[in-house]
Amino acid sequence: MLNTSSKRVITLTVVALIIFLSLLLIMNIKKPLPVVQVDANEITFDTPEKLDAAADLIIIASPSKDFMDREHKVTFFDDGTIEDYYTLTEVQVDKIIKAPDNFNLPKNNSFSIIEPVGIVERSTGKRKLVTNNYAELKEKSSYIMFLQQNSMGQYGIINNNLGKFNLDNKDPLDIGEKKSSDAKKFKDDVLRKYSID
């Protein structure tokens, strides 16, 4: 039988262990990254027909990785200020709606596209840089995407949030899901144009 002082030691040890484990759990909870909104001039298209005409590539595809696991690119000027940023997002292509004659999809049906959002790490910590309130593609969610080829041969989303629309209702940030909005009408017009249910 344990005496009173032994019971106290065991009780204090258990309480200290619970407090320690609780603090460890709290410290490991992922904190959201601070977001820096960047305003930029963009060419926008206000009808599906104009968007179709501007796009070099139109696909239905799904990102294969979580946003944080994607390849984030940042370039800097000589003085240390940010020159450019973007995210390379690997997508699994389900269907090609429009493509240039020289477009060759790899045998595994996946390739990387550019999104106007990125992660930069400085001495003050990591920050998420977002162009014109763009919402990144959600992992394993299906989208119709409108892409344009840049001078480096890479394809990037055009028309910001109105250049990609979620098709499986898995992305709550999809701008085309906002009820009674111009974006909702635009999305409905896009889906009707390409006969997507």
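Because the structure is predicted, anything quoted here is derived from the model rather than measured.

**Student:** Could you give an account of the side chain of Thr-87, with specific residues and numbers?
**Tutor:** Inspection of the secondary structure puts Thr-87 in strand 4 (residues 82-98). On the basis of relative accessibility, which here comes to 0%, the residue Thr-87 falls in the buried class. Looking at Thr-87, its side chain comes within polar contact range of the side chain of His-72, at 2.9 Å. In this structure the side chain of Thr-87 is engaged in a polar contact, spanning 2.5 Å, whose partner is the backbone oxygen of Val-117. Contact partners of Thr-87, with chain neighbours within four places excluded, come to Phe-67, Arg-70, Glu-71, His-72, Ile-113, Ile-114, Glu-115, Val-117 and Gly-118.

**Student:** Explain the sheet that holds strand 1 (residues 35-38) residue by residue, including any values.
**Tutor:** Across the sheet, three strands lie side by side as 1-7-6; this open sheet has mixed pairing. Across the chains shown, the open sheet's two edge strands, defined by having one partner strand only, are strand 1 and strand 6 (117-122). Across the sheet, the mean angle from the axis of one strand to that of its neighbour is 30 degrees, orientation sign disregarded. Two strands pair when backbone bridges link them, and strand 6 and strand 7 (residues 125-131) are joined in this way by six bridges, in the antiparallel orientation. In the strand pairing of strand 7, Val-117 is matched with Val-130.

How each quantity is defined
- Residues numbered from 1 in each chain as written.
- Predicted model: local features only at pLDDT ≥ 70, side-chain atom pairs only at ≥ 80, totals over all residues.
- Heavy atoms only, no water.
- Helix = DSSP H or I, 4+ residues; strand = E, 2+ residues; numbered from the N terminus.
- Buried < 20%, exposed > 50% of the residue type's maximum accessible area, 1.4 Å probe, protein only.
- Polar contact = N/O pair within 3.5 Å; in protein donor to acceptor, adjacent residues only side chain to side chain.
- Contact = heavy atoms within 4.5 Å.
- Pairing = 2+ DSSP bridges.
- Axes fitted to C-alpha atoms, helices over the stretch in contact; angles between N-to-C directions.

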